[in-house]
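Read off the chains here:
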Amino acid sequence: MLAYIVRRLWQILPTMAGVILLIFFLFNVVGGDPAYLLAGKISNPEQIANIRKQLGIDEPYWMQLLIFVKQVVTFDFGASWSTNEVVSQIFATRLPASLMIGIPLLILETIIAVCIALAVAYVRGSFTDRAAMVTCTVAQSVSILVYIIVFQYVLAYKFGWFPVQGWGDNFFENLFKYAALPIVIALVVSLAPNIRLYRTFLLDEVNQDYVRTARAKGLSENRVMFVHVLRNASIPIITNLMIQLPGLLVGLFLIERFFSVPGIGREVILAVERSDFPVIKAVTVYVALATMLANLAADLLYKAVDPRVELK
């Protein structure tokens with residue numbers, strides 16, 4: 001196990017090298033000269049040259065690449081071009097808000113989606129199963145913007161159960177007051193596709209030979225579904241769950257924007273609008289690293305769930 005973990009961590013290095021080269025090429029070679037963006041429409045060559053010198057983009061490409069590699073290794077991407085705030089400080093102050101929405105959402109949607117998928121798989125082929133799938137299909141067809149507008153109007157404006165916007169310094173106030181409605185909306189949006197996906201995983205296992213053997217041995221349908229089928233279907237469920245984990249780093253863009261949540265998602269949108277390259281590059285690197293670590297965590301969870309899985 002330890003040898004496998006060390007080997008996988010070692011394999012991250014060449015992958016990160018490729019990510020670094022791709023990001024550098026996109027931002028420094030293809031992305032254009034940021035000095036013209038920062039200087040504005042009214043500028044002169046002296047101002048542009050001064051900005052290029054301050055940003056370090058007047059150096060040769062190989063020198064700029066070395067600087068970028070140093071930034072990645074030290075996790076020090078400098079300061080934001082727009083606000084002059086240190087990028088690491090931006091992550092430290094914005095990430096908790098994104099995690100406060102993302103983590104409860106991930107936990108709730110996984111538990112609820114698996115339970116509903118088990119229920120409809122249990123009565124597969126029945127009217128309840130078909131009605132649930134039609135409902136999920138309709139729910140998937142509705143834009144998240146519609147959910148945001150409707151839920152804000154009904155739950156926040158008409159009933160007054162939640163505030164439309166806001167964020168404070170108290171953890172519990174933020175979690176149960178300001179983050180509650182964004183979590184509810186994101187949960188409603190994400191449940192439909194997850195239920196359909198998890199139902200498919202479960203039905204794939206229901207038709208396997210080991211399920212027929214378990215039934216032939218006289219095991220109850222509850223034990224077959226909740227022990228044998230669910231355990232084997234948990235492998236693709238874990239895969240889907242781990243795929244979503246890196247998304248916690250950037251949060252839900254539209255949710256954070258509409259509810260004025262001071263999270264990473266809203267910060268990324270602002271950075272794109274301002275062409276704030278240091279922030280965008282840092283987010284890209286962190287998401288890439290988080291994705292690789294999530295893949296490693298998924299492999300370890302496979303082994304924990306099913307001892308038959310061999311890590312090679």
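Only a predicted model underlies this, so the values are computations on that prediction, with no experimental measurement involved.

**Let's talk about the overall build of the chain**
Next up, step 1: Secondary structure assignment for the chain yields 15 helices and zero strands.
Next up, step 2: Every one of the 312 residues in the chain was classed for burial, and the buried ones make up 40%.
Next up, step 3: Restricting the contact set of the chain to residue pairs at least 6 apart, pairs at least 24 apart contribute 74%.
Next up, step 4: Of the roughly 17,200 Å² that the chain leaves accessible, carbon and sulfur atoms contribute 66%.

**A look at the side chain of Ser190**
Next up, step 1: Here Ser190 is to be found in helix H9 (residues 180-206).
Next up, step 2: By relative accessible area, Ser190 is classed as buried at 14%.
Next up, step 3: Setting aside chain neighbours within four positions, we find Ser190 in contact with Leu105 and Glu109.

**With respect to the confidence of the model for the chain**
Next up, step 1: Summary statistics for the chain give a mean pLDDT of 82 and a share of 89% for residues scoring 70 or more.
Next up, step 2: Per-element mean pLDDT across the chain ranges from 64 in helix H2 (residues 34-39) up to 89 in helix H6 (residues 127-141).

**Re the pattern of salt bridges**
Next up, step 1: The tally for this structure, following the rule as stated, stands at seven salt bridges.
Next up, step 2: The partner of Arg94 in a salt bridge is Glu267, and the shortest N-O contact between them spans 3.1 Å. Here Glu267 lies in helix H14 (residues 264-274) and Arg94 lies in helix H5 (residues 87-122), a separation of 173 residues in the sequence. Taken as a pair, Arg94 and Glu267 share a single burial class, namely buried.
Next up, step 3: Here the salt bridges do not stand alone but share partners, grouping Glu85, Arg94 and Glu267 into one network.

**What about the environment of Leu187?**
Next up, step 1: By secondary structure assignment, the location of Leu187 is in helix H9.
Next up, step 2: With relative accessibility at 14%, the residue Leu187 sits in the buried group.
Next up, step 3: Taking the C-alpha atoms as reference points, Leu187 and Leu105, separated by 82 residues in sequence, lie 6.2 Å from one another.
Next up, step 4: Setting aside residues up to four positions removed in sequence, Leu187 forms contacts with Leu105, Leu108, Glu109 and Ile112.

**Describing the packing of aromatic side chains**
Next up, step 1: Taken as a whole and assessed by the stated rule, the structure comprises ten aromatic pairs.
Next up, step 2: Note on Phe75 and Tyr286: the rings are 5.8 Å apart at their centroids and 15° apart in plane angle, and the pair reads as stacked. Of the two residues, Phe75 is situated in the loop between helix H4 (61-74) and H5 and Tyr286 in helix H15 (residues 277-305); the sequence distance between them amounts to 211 residues.
Next up, step 3: Plain terms: the ring middles of Tyr198 and Phe201 are 6.2 Å apart, the flat faces sit at 35° to each other, and that makes the pair tilted. Residue Tyr198 and its partner Phe201 are located together in helix H9, separated by three residues, close to a single helical turn. Each member of the pair, Tyr198 as well as Phe201, is classed as buried.
Next up, step 4: Put simply, the rings of Phe68, Phe75, Phe77, Phe91 and Tyr286 pair up and form one aromatic cluster.
Next up, step 5: One residue, Lys281, lies across the ring of Phe68, its end atom 4.9 Å from the ring centre.

**Observations concerning unusual backbone geometry**
Next up, step 1: Here Phe75, not a glycine, exhibits a phi torsion of approximately 55°, which is positive.
Next up, step 2: Backbone geometry at Asn84 places phi at a positive 65°, although glycine is not the residue there.
Next up, step 3: The topology assignment puts Asn84 in the loop between H4 and H5.
Next up, step 4: You can call Asn84 exposed: its relative accessible area is 62%.

**Let's talk about the packing of helix H11 (residues 221-244) against H15**
Next up, step 1: Axis separation between H11 and H15 bottoms out at 9 Å; the angle between their running directions is 165°. One finds that H11 runs roughly antiparallel with respect to H15. In terms of crossing hand, the pair formed by H11 and H15 is right-handed. Between H11 and H15, the contacting residues are Arg231, Ser234, Ile235, Ile238, Thr239 and Met242 on the first element and Ala294, Ala297, Ala298, Leu301, Tyr302 and Val305 on the second.
Next up, step 2: Considering only residue class, the contact of H11 with H15 consists of nine nonpolar, two polar and one charged.

**Topic: the side chain of Arg199**
Next up, step 1: Here Arg199 is to be found in helix H9.
Next up, step 2: Every residue in contact with Arg199, bar those within four places of it in the chain, is listed here: Ala117, Val120, Asp129 and Met133.

What counts and what doesn't
Residues numbered from 1 in each chain as written. Predicted model: local features only at pLDDT ≥ 70, side-chain atom pairs only at ≥ 80, totals over all residues. Heavy atoms only, no water. Helix = DSSP H or I, 4+ residues; strand = E, 2+ residues; numbered from the N terminus. Buried < 20%, exposed > 50% of the residue type's maximum accessible area, 1.4 Å probe, protein only. Contact = heavy atoms within 4.5 Å. Areas by Shrake-Rupley, 256 points an atom, 1.4 Å probe, with all protein chains shown as cover. pLDDT = per-residue confidence, 0-100. Salt bridge = Lys/Arg side-chain N within 4 Å of Asp/Glu carboxyl O. Phe/Tyr/Trp six-rings, centres within 6.5 Å; stacked < 30°, edge-to-face > 60°. Lys NZ or Arg CZ within 6 Å of the ring centre and 35° of its normal. Axes fitted to C-alpha atoms, helices over the stretch in contact; angles between N-to-C directions. Parallel < 35°, antiparallel > 145°, perpendicular 65-115°, else oblique. Left-handed = near helix turned anticlockwise from the far one by under 90°. Nonpolar A, V, L, I, M, F, W, Y, C, P; charged D, E, K, R; others polar.

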